[in-house]
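Summary of the model geometry
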Amino acid sequence: QVQLVESGGGLAQAGGSLRLSCAASGRTFSMYMMGWFRQAPGKEREFVAYISGSGGSTSFADSVKGRFTISRDNAKNTVYLQMNSLKPEDTAVYYCAGRTGAGNWNYWGQGTQVTVSS
């Protein structure tokens, strides 16, 4: 069982940056693939980025490629989402998620609000 707690959300201006963190409980953090998702008002939750357990493989949604990076520190049980060149359309609640293997994303944080003003 993994518990996830996000932090780092807030208000940013367009063109600015924010870094989200997701702290995980448990001793087997490196076994979990970690991802970030987001949900804007009135829209469905969407995939943002993914990182493998070792950190050697990442993937990004087309909408954030070149602007967002994902990283992890397995010694600190933490995954990060660095968001640069923010746009108003990045405004959403951002969720951290974890999974093992090719299964479903079955561990979720409570979410952190990111608001980007124009």
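A brief look at the structure comes next. (Residues numbered from 1 in each chain as written. Predicted model: local features only at pLDDT ≥ 70, side-chain atom pairs only at ≥ 80, totals over all residues. Heavy atoms only, no water.)

**Quick word on the environment of Gly109**
Along the chain, the position of Gly109 falls in the loop between strand 10 (107-108) and strand 11 (112-117). The spacing of Gly109 and Val2 is 107 residues in sequence and 9.7 Å in space, taken between C-alpha atoms. (Helix = DSSP H or I, 4+ residues; strand = E, 2+ residues; numbered from the N terminus.)

**Re the pairing of strand 1 (residues 4-7)**
Judged by which residues are buried, strand 1 turns out to be one-sided: Leu4 and Glu6 face inward and are buried, whereas Val5 and Ser7, on the alternate face, are not. In this sheet, strand 3 (residues 18-24) lies alongside strand 1 in antiparallel orientation, the contact comprising four bridges. Counted as the bridge partner of Leu4 is Ala24 from strand 3. (Buried < 20%, exposed > 50% of the residue type's maximum accessible area, 1.4 Å probe, protein only. Pairing = 2+ DSSP bridges.)

**Looking at the sheet that holds strand 3**
What the four strands build is an open sheet, ordered 1-3-8-7; its pairing is antiparallel. For this open sheet the edge positions go to strand 1 and strand 7 (68-73), each flanked by a neighbour on one side alone. This sheet shows a mean twist of 15° between the axes of neighbouring strands, independent of strand direction. Pairing between strand 7 and strand 8 (residues 78-83): six bridges, direction antiparallel. (Axes fitted to C-alpha atoms, helices over the stretch in contact; angles between N-to-C directions.)

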